[in-house]
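Descriptive structure summary
Below, each chain spelled out in residue letters.
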Amino acid sequence: MILQHVYKPILNFIYSKITYRISDRAREIILFITFFLMFYLLFAAKYLHVMSGDARDMSIMLLMGVAILFSLDREQKILKWNLVFYIPFALMGVYMLMIALFFHSIGDSYTIFILFILFACMCLAFVWGNRGDYNRMFMIVSAAYMLFYAILLVWCLAKYGIYFGEGYSMWFNTNGFAKLTCPAVACGIHLFICVEKTAWRVIFAALAGAAGCMIFFTTCKTAQIAVIMMAAACFFLLIIKGGKVLKRFICFLLVFMLAFGACFGFLHYVTPVISGDPVESHVVVFKTSSSNPNPVDENSPYKIYEREMIEKVQSNPTLAKLDKIGTGRIHLWAMYLNRINMTGNVKTLRRVGAHNQYVEFTYKAGLPVGAAWLFILVAMFIMIVIGLVKRKGDWIYFVMLNYPTFFWFSLLETGVFPMERGFILIYYLSLLPLLIRQAQAKDTIEKTIEETTEENKSMVEEM
């Protein structure tokens, strides 16, 4: 809460000297480019290896600063935080900062992550809370992601074919590719629902259909469940929007399925011709490179501890069945949760993590951090329902459509930081409207409009 009093004079000074001179259209173009660069850098750093993790994190923070500055469209007023989300969100950042300062290093990327929570997210929430037009921000974010995905899609269609029913991207990681593709489905549906021009609706529905096709070929069950939930949400949201619901939904499905079929045909017949059908050799290279030349030491402390946890899980028939369905995730989570405490742990159990954000945060930074983050996930679902019932605005559609992706991947897959994965960054952006009390943000906007109107009247009278 104190930070608002720091943000206000600085941002108002910048607005009075620089930002007010820039037109709304120019600022929106800059924001569009900024978010596009964020999504590109997240992808390029991880899969193209064009920069180190530290350089990526700093670049994302710099771009967040640019987004904050060019989001300014008025003088900032002090707002009230929505304590339901503000307290656990701020608690995460402050508690991790205390752990890093007074107990132990949490990890290399956690330093920037703490700053991202406490400063970048809070400041961006403050600026857009003053603006109040969250749907404009989410329209820009969605459009930026769709441009990024369109480029990625063309690249994948031109270079990589299908092998044994799996669509391969350039890194042979079907789950990783699904994490890139799911937000494209959500953002495509969001834009289809919100834009007015029919041509743009067709384009966004087609891109969402192509993304759905690629997810189908990844055979990633987590992503497939998320897409099914998005499709159901699309129909529900069209009902809420009113108008010719059935006609619009049929049109969406028609374009979606046509794009799905076109993408399937291209992958199955055209891509192998363009690429020279290198898939079999790629698979051989991948299997060779992914095999570990060093034999695993079955008597290492880690392997002994793993066997102990497996035995405990297998002793419970229900847990044993869930562990089999979850391909070993239950005993993996048990290994982490068995060693949780209030201050977290220095050593990591596995290089790829716990395959669960809440278990990962709890293990690394302490029980309060994991509990706060899990609370936000549950509270966000409740707020989505409330937002839909009370018709809080089109911005809630963006939050609702992107929620399934983060929900399932955060519970079952790798990825912790918003500077690491696009779908995680989108989730943090989805939180911004929930950090500010909506009623007060609306009052602030109306008051600003009234003040502007009175100033204009005074100027007319003086003339």
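The structure this text deals with has already been given above.
Here goes a summary of the coordinates provided. None of these values were measured; they are calculated from a predicted model.

Reading guide: rules and limits
Residues numbered from 1 in each chain as written. Predicted model: local features only at pLDDT ≥ 70, side-chain atom pairs only at ≥ 80, totals over all residues. Heavy atoms only, no water. Phe/Tyr/Trp six-rings, centres within 6.5 Å; stacked < 30°, edge-to-face > 60°. Helix = DSSP H or I, 4+ residues; strand = E, 2+ residues; numbered from the N terminus. Buried < 20%, exposed > 50% of the residue type's maximum accessible area, 1.4 Å probe, protein only. Lys NZ or Arg CZ within 6 Å of the ring centre and 35° of its normal. Salt bridge = Lys/Arg side-chain N within 4 Å of Asp/Glu carboxyl O. Axes fitted to C-alpha atoms, helices over the stretch in contact; angles between N-to-C directions. Parallel < 35°, antiparallel > 145°, perpendicular 65-115°, else oblique. Left-handed = near helix turned anticlockwise from the far one by under 90°. Contact = heavy atoms within 4.5 Å. Nonpolar A, V, L, I, M, F, W, Y, C, P; charged D, E, K, R; others polar. Core = buried A, V, L, I, M, F, W, Y, C linked by side-chain atoms within 4.5 Å.

Examining the packing of aromatic side chains
In this structure the tally under the stated criterion is 34 aromatic pairs. Taking the centre distance of 5.8 Å and the plane angle of 45° together, the rings of F43 and Y47 count as tilted. Placement of the pair is F43 and Y47 together in helix α2 (residues 24–48), with a separation of four residues, close to one helical turn. Summarising the burial analysis for this pair, F43 and Y47 share the class buried. Here a set of aromatic residues connected by ring pairs shows up, and it is made of F89, Y110, F113, F116, F361, W373, F406, F409, F417, F423, Y427 and Y428. The ring of W128 carries the charged tip of R131 above its face, separated from the ring centre by 4.0 Å. Over the aromatic face of Y305 sits the side chain of R339, whose NZ or CZ is 3.9 Å from the ring centroid.

Examining the pattern of salt bridges
On inspection of all chains with the given rule, the structure shows nine salt bridges. When the shortest N-O distance is used, the salt bridge between D73 and R74 registers 2.8 Å. The shortest N-O distance in the salt bridge between D73 and R131 comes to 3.7 Å. Residue D73 is found in the loop between α3 (53–69) and α4 (83–102), and its partner R131 is found in helix α5 (residues 110–131); the two are separated by 58 residues along the sequence. When salt bridges with common partners are traced through the structure, they connect D73, R74, R131 and D133 into a single cluster.

Considering unusual backbone geometry
The residue T327 is not glycine, and still its phi comes out positive at about 50°. Along the chain, T327 turns up in the loop between α13 (317–325) and α14 (329–337). Despite not being glycine, H355 has its phi angle at roughly 60°, a positive value. Inspection of the secondary structure puts H355 in the loop between α14 and α15 (357–365).

Some remarks on the packing of helix α1 (residues 3–17) against α5
The description of two helices packed together rests on the angle between their axes and the distance between the axes. Packing of α1 against α5 brings their axes to within 11 Å, and their N-to-C directions diverge by 65°. In this view, α1 runs roughly perpendicular relative to α5, as classed from their interaxial angle. Handedness of the α1/α5 crossing: right-handed. For the pair α1 and α5, contact is made by L3, Q4, Y7, K8 and L11 and by L118, F119, M122, C123, F126 and V127, respectively. For the contact of α1 with α5, the per-class residue count stands at nine nonpolar, one polar and one charged.

Concerning the nonpolar core
Within the largest apolar cluster, 140 residues are counted, with the highest numbers of intra-cluster contacts made by F35, F89, M96, F113 and W373. By residue number, the principal contributor to this core is α5, which donates 16 residues. Not counting residues up to four positions away in its chain, the partners in contact with F89 are I117, C121, M122, W373, I376, Y428, L431 and L435. The next biggest cluster of nonpolar side chains, apart from the first, holds twelve residues, and it includes I330, W333, L349 and A354.

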